[in-house]
Structure formats: structure tokens, C-alpha cells
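One letter stands for each residue in the lines below.
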Amino acid sequence: MSESRPFKVFSGTKSRYLAERICQSLGCSLGNMIITHFADGEFGVSFEESIRGKDVFLVQSTFPNSDNLMELLLMIDAAKRASAASIIAVIPYFGWARQDRKDKPRVSIGAKLVADLLSVAGIDRLITMDLHADQIQGFFNVPVDHLYGSSVILPYVESLGLDDLVVATPDVGGSKRAALFSKKLGCPLVLCNKTRARANVVASIQIIGDVKGKNVVLVDDMVDTAGTITQAADEMMKAGAKSVRAVASHCVMSDPASDRVTSSCLEEMVFTDSIPYAHKCPKVRQLSVADMFAKAIQCVSNQTSVSDTFNF
């Protein structure tokens, strides 16, 4: 094993809860950094300790609002100007990832733009989890360690001990992810064909497969307004399912998502803690990915393989 290089972990404002858990797992203290806010909404970043010659890990998910991304960009710039040996952006939830291609004329490709912003700011590496589209890794010209929330979600599903289990995906776009769960759990796979009226509005869902008398686990990468996942759950119950649960990596949960999940027929909605969840919903459970990211940071620091550590 290579000798570990000196490193420090710092956090943006909204991801501090996760950075503290990561540092607890690593057995180190969270780095001291100040974000100064001005009256007009502008803010600046200042590292309050020396980072010269160290690997600097900056923990910040880029979920809305855009201040989270701007904080991260300023943190990267400040670290570069403070002579850090390397700058590693740790982005558990990579925002703008749904904008990964031109699906109609005259639209932006937000994921590529954010990748360019991070690269120009000065990152040497990216550690992230469950990108909306795997090909986003190719938008970067630096190494990308792509972790998977299934590392913590699969063991939880197995612990439930459900019989007559079926894995389902709320839309065909998530079939690859659901197929992985189906293979690992040794159970059948059911697909849903979704048509949209417009963004965040589902027109109809058709079930492809048999769910009658089954305990269904819906698998997705993220839940935004929860319209698709709750409507899919309702259709599963109408088709004779015994119970329906949902698991997803990223807890975006924009209003009215919490109300929809609460009033839906879902038994529970399971997320990782890549995004903080402030609302109260008795059906929502969050599993921590802090240990997983801590191991990835340790691998990068030790210059050992990340892929050998995790079951993808």
C-alpha cells in the first residue's frame, strides 16, 4: 500500500452535516474555513489554516440553489491560490445532471457547463455518486470516481427479508440501474413505460411485467417532485401488488413531494443523505453514505484502487 499523503477535508455550507460524518469516519477534524456574506448577496471564501502541499477534499453537493455551486467554485479557486498539492471535489449529488444532451433544439447542456466550470476553477479529481447519466464522466478531463448508492441501499433492502420480491423502475430510462438490483437480489424485473405531458408532469404510466401478489421495490436515481414514483406505486397497487416501497439515491424532494409521498400508497421512501432533507415525512428514511465517501477519500489519499473497495 502506498503511503498516505497529508490531506484536509473542508465543506460548503449546506453539506457540512455530511462532511462532519465523513470526517468522523476518517478519524480527522473538519478543516476550518469561513464564508463571508455581503449585503448584496455576494460571498467570499477563506481557508483559516494552511493547506500548502496538501490534498484538499472539498465536500459540497450542487443541489439548488445555485449558491452551493458558486461556493464550491470559490473554494476550489481559494485552494488553488493557497498552493494545495491537489484539489478533489467531493460532490455526492451532482446538480444539473439531467441536462446531459440536446433533447430538442436551442437548449443548454447544463451538465457539460458545470463540468467546464469545475475544470476551469482548478479541480484535479472528482468523487461523485450516481450521476443521472454515466456518460457525464466523459465531460471531465480529470479522473472521476463514480460511486454508487446501491452500496448502502442494497444491504438495507436485503435486511427487510421480503418474500415474493420484485424490482421495478418507474421509467425505462432507469432500467439499467433496476436490472443491477434485480440481479443482486435474485428477483424478477418489472418496467414502467412513462409518458410526460411536460417537465415534472406525468401523463400516463403502463406496467410491463407481473406484480400481482408481489412486494415491489421501485428503484430510481433521484426523486424531485415525486409525481412519477407515487403514480407508479399507485399503478402497482391497482395491478395487485402486495406492497410497494421506493429507493433512490438523491433526495431532491421539491414541493409538493413530501405531501405526495405521505398520502401515497408507498410503505416507505428510502434515500441516501447526499442531499439534506429538512421536511418531515414519516415515510422517508435516509441512509448515510459518509462511510462510503470516507473510504473513497482514503483510497485517493493512499493512491490505491477505489473500484477494488466497492461492489458496483
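Preceding this section is the structure that the text describes.
Residues numbered from 1 in each chain as written. Predicted model: local features only at pLDDT ≥ 70, side-chain atom pairs only at ≥ 80, totals over all residues. Heavy atoms only, no water.

Peer 1: Could you give an account of the overall build of the chain, with specific residues and numbers?
Peer 2: Of regular secondary structure, the chain possesses 8 helices and 14 strands. Its C-alpha atoms give the chain a radius of gyration of 20 Å, within 12% of the compact-globule value 20 Å for 312 residues. Its C-alpha atoms put the chain at 60 × 45 × 35 Å along the principal axes. Expressed as a percentage of its 312 residues, the buried residues of the chain come to 52%. Contacts in the chain between residues far apart in sequence, at least 24 positions, make up 62% of those at least 6 positions apart. As presented, the chain carries roughly 14100 Å² of accessible surface, and 49% of it is formed by carbon and sulfur atoms. Between the centroid of the 33 positive side chains of the chain and the centroid of its 34 negative side chains there is a distance of 3 Å. (Helix = DSSP H or I, 4+ residues; strand = E, 2+ residues; numbered from the N terminus. Rg over C-alpha atoms; globule rule 2.2 N^0.38 Å. Buried < 20%, exposed > 50% of the residue type's maximum accessible area, 1.4 Å probe, protein only. Contact = heavy atoms within 4.5 Å. Areas by Shrake-Rupley, 256 points an atom, 1.4 Å probe, with all protein chains shown as cover. Lys, Arg positive; Asp, Glu negative; His and termini not counted. Charge placed at Lys NZ, Arg CZ, Asp CG, Glu CD.)

Peer 1: Would you mind going over the packing of helix α4 (residues 150-159) against helix α5 (residues 175-185) in detail, with residue names and values included?
Peer 2: The description of two packed helices rests on the angle between their axes and on the distance between the axes. Running from amino to carboxyl end, α4 crosses α5 at an angle of 45°, the nearest separation of the two axes being 11 Å. For the element pair α4 / α5, the angle class is oblique. When the axes of α4 and α5 are compared, the crossing they make is right-handed. Touching Ser-150, Ile-153, Leu-154, Val-157 and Glu-158 of α4 are Leu-180, Phe-181, Lys-184 and Leu-185, all from α5. Across the contact of α4 with α5, the residue classes tally to 6 nonpolar, 1 polar and 2 charged. (Axes fitted to C-alpha atoms, helices over the stretch in contact; angles between N-to-C directions. Parallel < 35°, antiparallel > 145°, perpendicular 65-115°, else oblique. Left-handed = near helix turned anticlockwise from the far one by under 90°. Nonpolar A, V, L, I, M, F, W, Y, C, P; charged D, E, K, R; others polar.)

Peer 1: Account for the packing of aromatic side chains, naming residues and giving values.
Peer 2: Counted according to the given criterion, the structure contains 3 aromatic pairs. Ring centres 4.7 Å apart and planes at 75° place the aromatic pair Phe-10 and Phe-47 in the edge-to-face group. Linking Phe-10 in strand β1 (residues 7-11) with Phe-47 in strand β3 (residues 43-47), this pair joins segments that are 37 residues apart in sequence. The class for Phe-47 is buried, based on a relative accessible area of 14%. (Phe/Tyr/Trp six-rings, centres within 6.5 Å; stacked < 30°, edge-to-face > 60°.)

Peer 1: How would you summarise the packing of helix α1 (residues 16-26) against helix α8 (residues 290-302) if you had to cite specific residues and measurements?
Peer 2: At a closest axis distance of 8 Å, the pairing of α1 and α8 adopts a crossing angle of 60°. Considered as vectors, α1 and α8 are oriented oblique to each other. Judged by the sense of rotation from one axis to the other, the crossing of α1 with α8 is right-handed. Residues Leu-18, Arg-21, Ile-22, Ser-25 and Leu-26 of α1 form the contact with α8, whose own contacting residues are Ala-290, Asp-291, Phe-293, Ala-294, Ile-297 and Gln-298. Its residues assigned to classes, the contact of α1 with α8 shows 7 nonpolar, 2 polar and 2 charged.

Peer 1: Describe in detail the nonpolar core, supporting the description with residues and values.
Peer 2: Within the largest apolar cluster, 36 residues are counted, with the highest numbers of intra-cluster contacts made by Leu-58, Phe-94, Leu-118, Ile-136 and Phe-140. Looking at this core, the elements with two or more residues in it are β2 (33-37), β3, β4 (55-59), α2 (67-81), β5 (86-91) and α3 (110-121). Counting residues per element, this core draws most heavily on α2, at 7 residues. Excluding residues within four positions of it along the chain, Ile-136 makes contact with Phe-94, Ala-97, Asp-100, Ala-111 and Leu-131. (Core = buried A, V, L, I, M, F, W, Y, C linked by side-chain atoms within 4.5 Å.)

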